[in-house]
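Chain and residue survey
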Amino acid sequence: MSIIGEIKDKRIFGLDVIRASAIIFVFFSHIHYLIGSNNKLLISLSGIFGYFGVELFFGLSGFLIGSILINLYLEEKFNLKKIISFLKRRWLRTLPNYYLVLFLNIMIALYFEFNLDNWFKYLFFFQNFYDYSITFFTESWSLSIEEYTYLLAPVFLFTIHKFSNNRKWSFLVSILFVIILIHFFRYLNYVNTNINDLFVWNENVKAVVIYRLDAILFGFLVAWFIKFYKNKIEKIKVELLIISIGLFFIQFFLLNQNVTIQNSGLYFNIFYFTLTSIIVIFLLPFFVFWNTSLNLLGKSITWISKISYSIYLLHYSIISVVLKFFILNTKLIISDTILIVSYTILTTFFSFLMYQFFEKPILNWRDKIRK
């Protein structure tokens, strides 16, 4: 996903752990598609970990971006020039990789004769803004949510700050207001549509921008509390982590036994996402205060974290689709283990190349401009 690993140019190892874990969850979630498994347990776990992996990215992205925006918001001269500078840095971080992989996806879609009627919507992240029009490059749904948060949040805060005498509290109240507003949008969608199938729910609620912006804004709340109550939050970070683990177990294992979209539509369409976001924001403080690690495992985690955006963009719609097509058309007999290992190696290799020779040079150039 499109998130950086630095706050004020200092890398925080705990955030690398979150990011690396998130991309591993997402990567794992698509293995059942690659091997064509019908194992119900694997499919169920894939759904849980794929969903939660993306939500981790949302929460972490919200914390990082929220931390930057709080500092801008508190400045005496919070103006359009600063917003434009913020957006330029975000876009140089996210858009080059996105458009490169979008181009590759279009080439693959043309070859496989996928539906490309809505390809132009992808140029402006409009493919799932208010309805789901994604016919290829399926991972892009989450990127649309991130990009519109990057765009709308600073503009909204800039408008609010003009009427605020106390910016500390107006920031918090503003973010809470938008979070409540998104819940209201989900409620309106719930009462006006009949969504009682998880496939329909996935496309019409979970992956639609106007119903999911709050997933990132919850991360803004973590940024606010750590900005103003850092010492207090650090003291209870373990307790918050334990609560998060408990809520995770309740939501994804206990409730999943009896609560379904058919018998609990209100929960699934509105508050399922809320509970997930609460799990994530209770989880984050423990990792925010985990500053460094110098051992080999730590370095490996940081390396995975650095190439995670490239992995996210390439692993499914590019690597998995092409690999599966090749195997099916060559009628190659290959074990699931070898296929998974090959998939992992290819994804890691091409993601590293993309990071090293495309993403990293652009980021270095961006940072030179800043200086």
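All values reported here derive from a predicted model rather than from experimental measurement.

Check the secondary structure of the protein and you find 15 helices and two strands. For 371 residues, the compact-globule estimate of 2.2 N^0.38 gives 21 Å, and the C-alpha radius of gyration of the protein, at 21 Å, lies within 12% of that figure. Overall size of the protein, expressed as C-alpha extent along the three principal axes, is 70 × 55 × 45 Å. Across the 371 residues that make up the protein, the buried fraction comes to 52%. In the protein, once contacts between residues fewer than 6 apart in sequence are set aside, the share between residues at least 24 apart is 80%. A total of about 18,100 Å² of accessible surface is found on the protein, and carbon and sulfur atoms cover 68% of it. Both charge centroids of the protein, one from 33 positive and one from 20 negative side chains, sit 10 Å from each other.

Scanning all chains against the criterion turns up 49 aromatic pairs. Centre to centre, the rings of Trp-119 and Phe-120 are 6.5 Å apart; their planes meet at 85 degrees, and the pair counts as edge-to-face. Taking the centre distance of 6.4 Å and the plane angle of 10 degrees together, the rings of Phe-171 and Phe-220 count as stacked. Taken together, the residues Phe-171 in helix α6 (residues 167-192) and Phe-220 in helix α9 (residues 214-228) connect sequence positions 49 residues apart. The residues Phe-171 and Phe-220 share a single accessibility class, namely buried.

Moving on, we come to the packing of helix α3 (residues 40-74) against helix α12 (residues 265-288). Where α3 contacts α12, the axes come no closer than 9 Å and their chain directions differ by 60 degrees. Of the possible angle classes, the one that applies to α3 and α12 is oblique. Considering how the two elements wind past one another, α3 and α12 form a crossing that is right-handed. Counting all contacts with α3, which are made through Tyr-51, Phe-52, Glu-55, Leu-56, Gly-59, Leu-60 and Phe-63, the residues of α12 involved are Tyr-272, Phe-273, Thr-276, Ile-279, Val-280, Leu-283, Leu-284 and Val-288.

As a further point, take the environment of Tyr-312. With respect to the helices and strands, the residue Tyr-312 is situated in helix α14 (residues 308-330). Sequence separation of Tyr-312 and Phe-27 is 285 residues, and the distance between their C-alpha atoms is 7.7 Å. Within the structure, Tyr-312 has its side chain in polar contact with the side chain of Ser-142 (distance 2.6 Å).

What follows deals with the nonpolar core. Residues Phe-63, Phe-137 and Phe-220 are the most contacted members of the largest nonpolar core, which totals 111 residues. Of the residues forming this core, the biggest block, 15 residues, is contributed by α3. Those residues in contact with Phe-220 that sit more than four places away from it in its chain are Gly-62, Phe-63, Ile-65, Gly-66, Leu-69, Ile-70, Ala-153, Phe-171 and Ile-175.

Right, let's get into unusual backbone geometry. At Phe-125, a position not held by glycine, the phi torsion is positive, near 55 degrees. Relative to the helices and strands, Phe-125 is located in the loop between α4 (80-112) and α5 (140-161). According to the relative accessible area criterion, Phe-125 is buried, its value standing at 6%. The backbone of Phe-137 sits at a positive phi, close to 50 degrees, despite the residue not being glycine. Within the element layout of this structure, Phe-137 appears in the loop between α4 and α5. For Phe-137, a relative accessible area of 2% puts it in the buried group.

Any two side chains of opposite charge can pair if their charged atoms end up close together. For the structure on display, the rule yields eight salt bridges. A salt bridge links Glu-55 to Arg-212; its shortest N-O distance comes to 2.9 Å. Placement of Glu-55 in helix α3 and of Arg-212 in helix α8 (residues 209-212) is noted, with a sequence separation of 157 residues between them. Of the two residues, Glu-55 and Arg-212, neither departs from the other in class, the shared state being buried. Its salt-bridge partner being Arg-366, residue Asp-367 comes within 3.3 Å of it at the nearest N-O pair. Residue Asp-367 is classed as partly exposed on the basis of its relative accessible area of 27%. Here the residues in one salt-bridge network are Arg-11, Asp-16 and Arg-19, joined through shared partners.

With that settled, consider a nonpolar patch on the surface. On the surface, Phe-177, Leu-181, Phe-184, Phe-185, Tyr-187, Leu-188, Val-191, Leu-266 and Phe-271 cluster together to form a nonpolar patch covering roughly 780 Å² of accessible area. Among the elements of the structure, α6 and α12 are those that each provide at least two residues to the nonpolar patch. When residues in the nonpolar patch are grouped by element, the largest group, seven residues, is from α6. On the secondary structure map, Leu-181 appears in helix α6.

With their axes 11 Å apart at the nearest point, α3 and α5 run at an angle of 25 degrees to one another. Between α3 and α5, the angle falls in the class roughly parallel. Crossing geometry of α3 relative to α5 is assigned as right-handed. Touching Val-54, Phe-57, Phe-58, Ser-61, Ile-65, Leu-69 and Tyr-73 of α3 are Trp-141, Ser-142, Ile-145, Glu-146, Tyr-150, Ala-153, Pro-154, Leu-157, Ile-160 and His-161, all from α5. Split by residue class, the contact of α3 with α5 holds 13 nonpolar, three polar and one charged.

Definitions and cut-offs
Residues numbered from 1 in each chain as written. Predicted model: local features only at pLDDT ≥ 70, side-chain atom pairs only at ≥ 80, totals over all residues. Heavy atoms only, no water. Helix = DSSP H or I, 4+ residues; strand = E, 2+ residues; numbered from the N terminus. Rg over C-alpha atoms; globule rule 2.2 N^0.38 Å. Buried < 20%, exposed > 50% of the residue type's maximum accessible area, 1.4 Å probe, protein only. Contact = heavy atoms within 4.5 Å. Areas by Shrake-Rupley, 256 points an atom, 1.4 Å probe, with all protein chains shown as cover. Lys, Arg positive; Asp, Glu negative; His and termini not counted. Charge placed at Lys NZ, Arg CZ, Asp CG, Glu CD. Phe/Tyr/Trp six-rings, centres within 6.5 Å; stacked < 30°, edge-to-face > 60°. Axes fitted to C-alpha atoms, helices over the stretch in contact; angles between N-to-C directions. Parallel < 35°, antiparallel > 145°, perpendicular 65-115°, else oblique. Left-handed = near helix turned anticlockwise from the far one by under 90°. Polar contact = N/O pair within 3.5 Å; in protein donor to acceptor, adjacent residues only side chain to side chain. Core = buried A, V, L, I, M, F, W, Y, C linked by side-chain atoms within 4.5 Å. Salt bridge = Lys/Arg side-chain N within 4 Å of Asp/Glu carboxyl O. Patch = residues over 30% accessible without salt bridge, like charges linked within 9 Å, V, L, I, M, F, W, Y side chains within 5 Å. Nonpolar A, V, L, I, M, F, W, Y, C, P; charged D, E, K, R; others polar.

Function cannot be inferred from these measures alone, as they are strictly geometric.
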